[in-house]
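# Observations on the three-dimensional arrangement
Now for the letters of each chain:
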Amino acid sequence: GNSVTQMEGPVTLSEEAFLTINCTYTATGYPSLFWYVQYPGEGLQLLLKATKADDKGSNKGFEATYRKETTSFHLEKGSVQVSDSAVYFCALTLNRDDKIIFGKGTRLHILP
Amino acid sequence: GAVVSQHPSRVICKSGTSVKIECRSLDFQATTMFWYRQFPKQSLMLMATSNEGSKATYEQGVEKDKFLINHASLTLSTLTVTSAHPEDSSFYICSAPGANYGYTFGSGTRLTVV
């Protein structure tokens, strides 16, 4: 089946540290890949996306590259801020307008 | 950009009563709406997919008679939790696909059944 696996949290870092959250996927076709962020008590916001192999999604200093050979879409940021504290979800969809399959989420705590 | 307005944001109800959650697409037409449920510190579980003008498609294990979904127009989808019980307490989120592989999420509804 189709699934997303991401590293379990919580992840605790100091401000300005380098961040990596690992994400790998299993899919029967050629998925589009997403990272969503959820701040406390809120819904989800799209952070970035990539729709084909070797595409790099980027937003707010975060980046992720669609690696077909390793079926991965790891999230990175060079220097995190306290305001980045949230839950991050890796996700995929196989077809446009199809349902999204989410990973379990990774809670990120950034200490000042 | 595309906005989905979800109401109420929080609701507390007594066991046995019903609660309706609304999701409206404000500046686009949503022919499809996904309804998710999120347990504390867990991921989102897809409950059902609603399509305007037709019956909703429920995921395996989701009681369709308990979670009534209606998608009567291109801008409104509703989820009604019928005869609510404490175990139905959760965070419910709707999502509509938009343009260019974008999905817009509602802000969520925190349901507490007492």
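A brief structural summary. Owing to the predicted nature of the structure, the values given are computational and were not obtained by experimental measurement. (Residues numbered from 1 in each chain as written. Chains lettered and ligands numbered in written order. Predicted model: local features only at pLDDT ≥ 70, side-chain atom pairs only at ≥ 80, totals over all residues. Heavy atoms only, no water.)

### A short note on the overall build of chain B
Assigned secondary structure in chain B consists of 0 helices and 11 strands. Computed over C-alpha atoms, the radius of gyration of chain B comes to 13 Å, within 12% of the 13 Å expected from 2.2 N^0.38 for 114 residues, which places it in the range of a compact globule. If one aligns the C-alpha atoms of chain B with their principal axes, the spans along those axes are about 40 × 25 × 20 Å. When the 114 residues of chain B are sorted by exposure, 52% land in the buried category. Carbon and sulfur atoms form 51% of the exposed surface of chain B, whose accessible area is close to 5500 Å². The positive charge centre, built from 10 side chains, and the negative charge centre, built from 8, are 7 Å apart in chain B. (Helix = DSSP H or I, 4+ residues; strand = E, 2+ residues; numbered from the N terminus. Rg over C-alpha atoms; globule rule 2.2 N^0.38 Å. Buried < 20%, exposed > 50% of the residue type's maximum accessible area, 1.4 Å probe, protein only. Areas by Shrake-Rupley, 256 points an atom, 1.4 Å probe, with all protein chains shown as cover. Lys, Arg positive; Asp, Glu negative; His and termini not counted. Charge placed at Lys NZ, Arg CZ, Asp CG, Glu CD.)

### Description of the sheet that holds strand 7 (residues 67-73) of chain B
Residues and elements named next belong to chain B. Spatially, the 4 strands line up as an open sheet ordered 1-3-8-7, and their pairing is antiparallel. Single-partner strands in this sheet number two, and they are strand 1 (4-7) and strand 7. Neighbouring strand axes in the sheet, compared pairwise and without regard to direction, differ in orientation by 15° on average. (Pairing = 2+ DSSP bridges. Axes fitted to C-alpha atoms, helices over the stretch in contact; angles between N-to-C directions.)

### Overview of the pattern of salt bridges
All names here are of chain A. Under the defined criterion, the tally for this structure stands at 6 salt bridges over all chains. Residues D84 and K77 are paired through a salt bridge, measuring 2.8 Å at the closest nitrogen-oxygen approach. Each member of the pair, D84 as well as K77, is classed as buried. (Salt bridge = Lys/Arg side-chain N within 4 Å of Asp/Glu carboxyl O.)

### Details of the interface of chain A and chain B
Listed as interface residues are 22 residues of chain A and, on the opposing side, 21 residues of chain B. With both sides pooled, the region where chain A packs onto chain B buries about 1800 Å², and carbon together with sulfur makes up 57% of that total. Per-residue buried area on chain A facing chain B is highest for R96(A), D97(A) and K99(A); these three make up 27% of the total on that side. K99(A) is the salt-bridge partner of E59(B), the closest N and O atoms lying 3.4 Å from each other. In this structure, the connection of chain A to chain B is made through 7 residue pairs in polar contact (both at pLDDT 80 or more). (Contact = heavy atoms within 4.5 Å. Buried area = accessible area lost by both parts, 1.4 Å probe. Polar contact = N/O pair within 3.5 Å; in protein donor to acceptor, adjacent residues only side chain to side chain.)

### Focus on the side chain of Q38(B)
Mapping Q38(B) onto the fold places it in strand 4 (residues 32-38). Residue Q38(B) is classed as buried on the basis of its relative accessible area of 8%. Among the polar contacts listed, one links the side chain of Q38(B) to the side chain of Q38(A), at a separation of 3.0 Å. The contacts of Q38(B), once residues within four sequence positions are left out, are Q38(A), F89(A), S43(B), L44(B), S90(B), F91(B) and I93(B).

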